[in-house]
Amino acid sequence: MTISNTPAMARNPKYIVFTDWDGTVTLTDTNDHLTDNLGLGPERRRWLNLQILDGNWTFRDAFKSMLDSVDTPFDECVEMIKRDVKLDPGFEKFYYWAKANNIPVVVVSSGMKPIIYALLEHSLGKEAAEDIDIIANDTLVREDGSWDIIWRDDTDFGHDKSICLKPYNQLGDNRPVLFYCGDGVSDVSAAKETDLLFAKEGRDLITYCEREDVKYTTFGGFRDIHKVVQGIVEGHGTIDQAVENS
């Protein structure tokens, strides 16, 4: 397996933390924030999320409908996100602890890379923003400021998060322990590709896990994730002990 499709293996880590971005690293979902305040509004957005969970809409089509309702220029959207959205208060400490222990933190998002990078740089600085690998959709921004999402792949997810995790599962003896942290419908494709899934309490990912009998442990914030991951890394606990619905 080459580094090109397993870039987090560059320093031969024994553990990798993959994490969703919106509502997981951030306290507010950036795409929901744009849609609710500049687009079709929270009621229609929540209805679309339920349609995804029930299988009536694909994530790709529903998400595109949400984003298409936002006609604010892209640079203004970015500034709004930087002004209004904060990171989970435990993420910064967790990231620097992981970095010091050769544990890559990889953002795997159905959002847009330019927005994620801008908020990371605003919150943690340029060095951290460049260090954290961001696997996400992109954005086409036109001269007049109008914009469209550029999907990462052709799947019904627009970005099937399981695709970037699967090569790590095929590493054989060199395979590290894989953690994944998520909260919503965009994370369901990655849920079965990890050794330990952290599902945010009270969110849609838990509904999916219960329905599909996927093992998980709940978290309220990154302080919870930090405690569990550090315990496993330092030998104070095991993955089996961490699973809540075994």
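The coordinates are above.
Residues numbered from 1 in each chain as written. Predicted model: local features only at pLDDT ≥ 70, side-chain atom pairs only at ≥ 80, totals over all residues. Heavy atoms only, no water.

Trainee: I would appreciate a short explanation of unusual backbone geometry in the present structure.
Mentor: Leave glycine aside and you will find that most residues have negative phi; peptide bonds, for their part, are mostly trans. Here Asn 12, not a glycine, exhibits a phi torsion of approximately 50°, which is positive. Tracing the sequence through the fold places Asn 12 in the segment before strand 1 (15–19). The phi angle at Asn 102 is positive, at roughly 55°, despite the residue not being glycine. With respect to the secondary-structure elements, Asn 102 resides in the loop between helix 5 (91–100) and strand 2 (105–112). Note on Asn 102: relative accessible area 31%, which makes it partly exposed. (Helix = DSSP H or I, 4+ residues; strand = E, 2+ residues; numbered from the N terminus. Buried < 20%, exposed > 50% of the residue type's maximum accessible area, 1.4 Å probe, protein only.)

Trainee: How should I be thinking about the packing of aromatic side chains in this particular structure?
Mentor: Enumeration over the complete set of coordinates arrives at 11 aromatic pairs. With 6.3 Å between their ring centres and 40° between their planes, Phe 179 and Phe 198 make a pair best called tilted. Highlighted residues: Phe 179 in strand 5 (residues 177–182) and Phe 198 in strand 6 (residues 196–200), separated in sequence by 19 residues. You'll find Phe 179 and Phe 198 in the same group, each marked buried. Each member of the aromatic cluster is reached from another via a ring pair, and the members are Phe 91, Phe 94, Trp 97 and Phe 222. (Phe/Tyr/Trp six-rings, centres within 6.5 Å; stacked < 30°, edge-to-face > 60°.)

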